[in-house]
Structure formats: structure tokens, C-alpha cells
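What follows is each chain in one-letter form.
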Amino acid sequence: MVLFFASIVLFNFVAYKMRKQLTKNQIVHIWKFTMILEIIFDIFIDEKTNGYWYFWKGIDWTNILVYTVLIPPVNVIFLNWYPFYHSWLKKIRYFVFWVIFLLAYELLVLQQPLGYFHYGWWKFIYSALLDPILLLILLVYYKWICRIEISKEDKSS
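Residues numbered from 1 in each chain as written. Predicted model: local features only at pLDDT ≥ 70, side-chain atom pairs only at ≥ 80, totals over all residues. Heavy atoms only, no water.

A look at a nonpolar patch on the surface
1) Next: Side chains of Ile36, Ile39, Ile40, Ile43 and Phe44 sit close together on the surface and give an oily, nonpolar patch of about 460 Å² of accessible area.
2) Next: Looking at the element boundaries, phenylalanine 44 is found in helix α2 (residues 24–48). (Patch = residues over 30% accessible without salt bridge, like charges linked within 9 Å, V, L, I, M, F, W, Y side chains within 5 Å. Areas by Shrake-Rupley, 256 points an atom, 1.4 Å probe, with all protein chains shown as cover. Salt bridge = Lys/Arg side-chain N within 4 Å of Asp/Glu carboxyl O. Helix = DSSP H or I, 4+ residues; strand = E, 2+ residues; numbered from the N terminus.)

Considerations on the environment of lysine 32
1) Next: Summarising the element assignment, lysine 32 is placed in helix α2.
2) Next: A residue is classified by how much of its surface remains accessible, and lysine 32, at 43% relative accessible area, is partly exposed.
3) Next: Each C-alpha atom of the pair lysine 32 and tyrosine 67 lies 9.6 Å from the other, and the pair is 35 residues apart in sequence. (Buried < 20%, exposed > 50% of the residue type's maximum accessible area, 1.4 Å probe, protein only.)

Overview of the environment of aspartate 42
1) Next: Mapped onto the secondary structure, aspartate 42 falls in helix α2.
2) Next: For the pair aspartate 42 and tyrosine 52, spaced 10 residues apart in sequence, the C-alpha to C-alpha distance is 8.5 Å.
3) Next: Discounting residues that sit within four places of it in the chain, aspartate 42 has contacts with Glu47, Tyr52, Tyr54 and Tyr67.
4) Next: A polar atom in the side chain of aspartate 42 sits 2.3 Å from the side chain of tyrosine 52. (Contact = heavy atoms within 4.5 Å. Polar contact = N/O pair within 3.5 Å; in protein donor to acceptor, adjacent residues only side chain to side chain.)

Re the side chain of aspartate 42
1) Next: The buried charged residue aspartate 42 lacks any salt bridge, with lysine 48 as its nearest oppositely charged partner at 15 Å.
2) Next: Only 3.3 Å separates the side chain of aspartate 42 from the side chain of tyrosine 54, close enough to count as a polar contact. (Lys, Arg positive; Asp, Glu negative; His and termini not counted.)

Brief notes about empty space enclosed by the protein
1) Next: Across all of its chains, the model carries 1 cavity of 30 Å³ or more by this definition.
2) Next: Reported here for the largest cavity is a volume of approximately 650 Å³.
3) Next: Glu38, Ile71, Leu102, Asp131 and Leu134 are, among the 26 residues lining the largest cavity, the residues nearest its centre.
4) Next: Within the residue set of the lining of the largest cavity, elements represented by two or more residues are α2, β1 (52–54), α3 (62–81), α4 (88–110) and α5 (124–156).
5) Next: For the lining of the largest cavity, the residue count by class is 20 nonpolar, 3 polar and 3 charged. (1 Å grid on protein atoms, 1.4 Å probe; cavity = no way out; pocket = protein on both sides within 12 Å on 5 of 7 lines; lining within 4 Å. Points joined across faces, edges and corners; volume = space filled by probe spheres on them. Nonpolar A, V, L, I, M, F, W, Y, C, P; charged D, E, K, R; others polar.)

Observations regarding the packing of aromatic side chains
1) Next: One pass over the full model with this rule turns up 31 aromatic pairs.
2) Next: Judged by centre distance (6.2 Å) and plane angle (90 degrees), the ring pair of phenylalanine 41 and tryptophan 122 falls under edge-to-face. Here the residue phenylalanine 41 occupies a position in helix α2, and tryptophan 122 occupies one in the loop between β2 (117–119) and α5, the gap between them amounting to 81 residues.
3) Next: One aromatic cluster is present, formed by Phe11, Phe78, Tyr82, Phe84, Tyr94, Phe95, Phe97, Trp98, Phe101, Tyr105 and Tyr142 through successive ring pairs.
4) Next: Positioned above the aromatic ring of tryptophan 88 is the side chain of lysine 91, whose terminal nitrogen or guanidinium carbon lies 4.8 Å from the ring centre. (Phe/Tyr/Trp six-rings, centres within 6.5 Å; stacked < 30°, edge-to-face > 60°. Lys NZ or Arg CZ within 6 Å of the ring centre and 35° of its normal.)

Considerations on the packing of α3 against α5
1) Next: Viewed as axis vectors pointing N to C, α3 and α5 meet at an angle of 65 degrees, and their least axial separation amounts to 11 Å. Viewed along their axes, α3 and α5 adopt a mutual orientation that is roughly perpendicular. Here the hand of the crossing between α3 and α5 comes out right-handed. Contacts between α3 and α5 involve Asn75, Phe78 and Leu79 from the former and Leu135, Leu138, Leu139 and Tyr142 from the latter.
2) Next: Broken down by class, the residue content of the contact of α3 with α5 amounts to 6 nonpolar, 1 polar and no charged. (Axes fitted to C-alpha atoms, helices over the stretch in contact; angles between N-to-C directions. Parallel < 35°, antiparallel > 145°, perpendicular 65-115°, else oblique. Left-handed = near helix turned anticlockwise from the far one by under 90°.)

Dropping the structure here:
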């Protein structure tokens, strides 16, 4: 639990104190999108098939903290610092750095007694394959939100 709460404090501190490139509207959208996607995914992988779980098997109140204040700020940080207006090489390096960071963090939280994440049938390789896809989905969603904001501004002018 110590690592869990330390992670919540650290990720939220960074998300709130960083120099913001994202608007408040974008942050709220990313936060909500992350919670919804995580909950839907975990219903099937965690609850239905016992692929992995946080803390204990089954539905638990601590899962709410994972969905609401652990994972969303990480996505906000990822998007806030993403090098949108830089070369493809810099974007790829940034992306690879984040995939490695996410995988390293997963390995860390698997370690007992400080860890809080547990594998059922899930394997580390699944995360290595899925994390880049999830980050790409996040990027596409963010760009869609930006287009909506621009479209809304154009209509109000």
C-alpha cells in the first residue's frame, strides 16, 4: 500500500505542478476517458477472466483509487509533455521512453510486499504489446478533442 499511495501522491503532484500545455477542458476529457477505458477493460480482464487484479481478487474499493487518481494523471503527464511539434524521431523516442517507463512501473508494482498488482493468466508480454496501442488510442482521442475545440471556436466566431 505504501508504493500505491506514494505513486498517487507523486503522479498527481507532477500533473498539477507541471507547466501546463493542455487546457483544463482537455485535462478533464483525458481524465474521464482514462477512467472509462480502464474500467471497461478491467471489467473483462480483471473481473470476468481474472487476468490480473489490484490488491485482491474481485471488486474492491481500492480499485476506485486506481481508476480515479492513479492512472489518469499519468496520461495527462504523457500528453502534456508529448512533443507534438517536433520531429518524428523525437516523437518516437518520447513514445518509447513512456512504454519503457510504464513497463518498468508494472514490474515494480508486481514486487511483493510493496507491490499491489497481481497476474492471473496475464503475462508481461501482453502489457508490452498493449501499452503502445493504449498510448496511441490516447493520442488519437486527444487529437479528436483538439479538433472538436477548434471546430467549436470556429462556430462561435
